[in-house]
Amino acid sequence: MEVEPGTIVVLTGVPRSGKSSIAAAIQASSSDPWVNLGVDLWREATPPKFQPGIGLRPGGERPDLEPFVVASFAGLYDAIAAQSRLGLNVVVDVGHHDAFSRPLHVLPMCAARLRGLPVLFVGVRCPVPVILARRNASKGYAGGSVEAGVPDAVQRWQVEVHRLGNYDLEVDTSRQSPDECATVIRERLASGTPGDAFPDLARLVE
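Scoring rules and cut-offs
Residues numbered from 1 in each chain as written. Predicted model: local features only at pLDDT ≥ 70, side-chain atom pairs only at ≥ 80, totals over all residues. Heavy atoms only, no water. Buried < 20%, exposed > 50% of the residue type's maximum accessible area, 1.4 Å probe, protein only. Helix = DSSP H or I, 4+ residues; strand = E, 2+ residues; numbered from the N terminus. Contact = heavy atoms within 4.5 Å. Pairing = 2+ DSSP bridges. Axes fitted to C-alpha atoms, helices over the stretch in contact; angles between N-to-C directions. Phe/Tyr/Trp six-rings, centres within 6.5 Å; stacked < 30°, edge-to-face > 60°. Salt bridge = Lys/Arg side-chain N within 4 Å of Asp/Glu carboxyl O.

Every α-helical turn comprises 3.6 residues, leaving residues that sit three or four positions apart pointing alike. Counting buried residues in helix 6 (residues 152–161) gives seven out of ten residues, a clear majority hidden from the surface. Of the positions making up helix 6, those classed as buried are Ala-153, Val-154, Arg-156, Trp-157, Gln-158, Glu-160 and Val-161. For helix 6, the secondary structure elements touched by its buried residues are strand 1 (8–12) and helix 5 (128–136).

Structure follows, in structure tokens:
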């Protein structure tokens, strides 16, 4: 029996932008099951010597990890596609960028793996001062401030994550709660308007 593909929502933004909180809110607010496949889960499955895996930050700092990162992203998106084809909805929280030691075109490759499936690509925005405040409130993070100087890694993430192209939808977690973001996403999905961002990205590797 043919199964209607599940909906895929890809949330991309910088670390501490609130992606995982939005993913949790999507799961909690729906009567339908949503599988959460994202960077935190995938990093847990990554061997220590290959960390941070798909969480490798912009800057080309670990060229030796890049072949694994590409393969790992491919595996993640194949898993996402498999869940969708079984009729399960999938929410993905991940920070996409292409600021490796050389362009790897990971996002278009990932988009191509979801060809023919319903995907909504959501940009999760959050300004640097809020990101720094959240880092300062977390254990194990060196803070930084706008006045004292934004850590280089924070600035690189902020620039590179959103360099990659247009989104189907954007939310701002400095102005919207996770529940409010989930509501905006749910309303967009209910409108029936298809997401065009991933099909456009997939064409880059045709």
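Structure shown, so let's carry the discussion forward.
Strands belonging to one sheet form pairs held by backbone hydrogen bonds; the direction of such a pair is parallel or antiparallel. The sheet built from five strands is open, its strands ordered 2-3-1-4-5 with parallel pairing. At either end of the open sheet lies a strand with only one pairing partner, and these are strand 2 (34–36) and strand 5 (169–172). Strand after strand, the sheet turns through a mean of 20° between neighbouring axes, direction not considered. Here strand 1 pairs with strand 4 (residues 119–125) via five bridges, running parallel. From the neighbouring strand, Ile-8 faces strand 4, where its bridge partner is Val-119.

A word on the packing of aromatic side chains. Within this structure, the stated rule accounts for four aromatic pairs. Taking 5.0 Å as the distance between ring centres and 65° as the angle between the ring planes, the aromatic pair formed by Phe-121 and Tyr-167 counts as edge-to-face. Linking Phe-121 in strand 4 with Tyr-167 in the loop between helix 6 and strand 5, this pair joins segments that are 46 residues apart in sequence. Here the aromatic cluster, defined as three or more aromatic residues joined through ring pairs, consists of Tyr-77, Phe-121, Tyr-167 and Phe-198.

The subject of this paragraph is the pattern of salt bridges. For the structure shown, the criterion picks out nine salt bridges. With a closest N to O distance of 3.2 Å, Arg-156 and Glu-61 form a salt bridge. Of this pair, Arg-156 sits in helix 6 while Glu-61 sits in the loop between helix 2 (39–44) and helix 3 (66–85), placing them 95 residues apart in sequence. Here Asp-78 ties to Arg-113 by a salt bridge, and the two come within 2.8 Å at their closest N and O atoms. Placement of the pair is Asp-78 in helix 3 and Arg-113 in the loop between helix 4 (106–112) and strand 4, with a sequence separation of 35 residues. Judged by relative accessible area, which is 30%, Arg-113 ranks as partly exposed. Counted as one network, the salt bridges with shared partners bring together Arg-57, Glu-61, Asp-152 and Arg-156.

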